[in-house]
Amino acid sequence: MLLSVKNLEVSYGNIRALHGIDFEIAEREIITIIGANGAGKSTTLRAISRMVEVGPNTSMTCQGVDLLKFSADKVVSRLGVSHVPEGRRLFGNLTVRENLELAAFARKDHEGVKKDIQQVFEIFTRLDERKWQKAGTLSGGEQQMLAVGRAFVSGRKLMLLDEPSMGLAPLLMLRVFEALKEINQQGTAILLVEQNARLALKFAQRGYVLENGKIALKGEAKALLEDPEVKKAYLGG
Ligand code: ATP
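Owing to the predicted nature of the structure, the values given are computational and were not obtained by experimental measurement. (Residues numbered from 1 in each chain as written. Predicted model: local features only at pLDDT ≥ 70, side-chain atom pairs only at ≥ 80, totals over all residues. Heavy atoms only, no water.)

## Section: unusual backbone geometry
Positive phi, normally seen in glycine, also occurs at Asn7, with a value near 55 degrees. Tracing the backbone shows Asn7 in strand 1 (residues 3–12). The partly exposed category is assigned to Asn7, whose relative accessible area is 29%. For Arg50, which is not a glycine, the phi torsion comes out positive at approximately 65 degrees. Along the chain, the position of Arg50 falls in the loop between helix 1 (41–48) and strand 4 (59–62). (Helix = DSSP H or I, 4+ residues; strand = E, 2+ residues; numbered from the N terminus. Buried < 20%, exposed > 50% of the residue type's maximum accessible area, 1.4 Å probe, protein only.)

Structure representation (structure tokens):
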């Protein structure tokens, strides 16, 4: 397993957001976690990228090593795990190219970085045309592409994606998901968190349904798409 998470517990003050969930991701796999607002999807990603503390009985291993021994920046630079948070978080005053270079700051393989940035421009030609433009002036969809591009150059092993479809027009959304497929085919595993359950289950190989901080259901994405309860609760009947 690339990532193995056991008994993941996260609390915010007195409020428990995750009640001991288990899941795993194989090398090169695409999995999705779907669930209603507040189910704990973003919290799950924050726990893996070490942005929130986890409970004392939680264990997480990545490529066989204890992920909890790593700080947030080392999870990216040593383990190759990158996180595209909800709402993008770009450096608005820096150019597209500078945003990509900064995302790779912790990497020592400068030639590899150059190649990866070039590849981002090949996948997202819109960004190539705009590489000298300030990120803050990009359209919403272009910013989403740049956020995905940043994750691609910072962590090549596993990408954690929080609602990449949010605010995107259908055509741009398709373009972003096509690019994600391409990135996956080159060897990056993906953990996708989405409100749009149909889209997510079509894209992923396996899925987990999160309800109130617990895994209610899991299985092959195709089977979940056909599951009567999933249909009723998450796919609009
Ligand atoms: P959404 O789809 O609405 O983004 P989500 O499934 O990603 O929801 P989380 O953002 O993980 O859900 O939130 C899980 C629970 O934890 C919610 O009840 C939320 O209010 C709570 N929570 C999240 N962040 C914090 C925080 N910083 N402080 C206190 N409570 C929080």
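## Points about the side chain of Ser165
Along the chain, Ser165 falls in the loop between strand 7 (158–162) and helix 7 (170–185). Here Glu194 takes part through its side chain, which lies 2.9 Å from a polar atom of the side chain of Ser165. (Polar contact = N/O pair within 3.5 Å; in protein donor to acceptor, adjacent residues only side chain to side chain.)

## Points about the environment of Ser77
Here Ser77 lies in helix 2 (residues 72–77). In the structure, Ser77 is positioned 77 residues away from Ser154 in sequence and 7.2 Å away in space, judged by C-alpha atoms.

## What to know about the sheet that holds strand 8 (residues 189–194)
Pairing is mixed across the open sheet formed by 6 strands, whose spatial order is 6-7-8-3-9-10. The two strands at the open ends of the sheet, each matched to only one other strand, are strand 6 (81–84) and strand 10 (214–220). Direction aside, neighbouring strands of the sheet carry axes that sit 15 degrees apart on average. Judged from the 5 bridges that link them, strand 7 and strand 8 form a sheet pairing that is parallel. (Pairing = 2+ DSSP bridges. Axes fitted to C-alpha atoms, helices over the stretch in contact; angles between N-to-C directions.)

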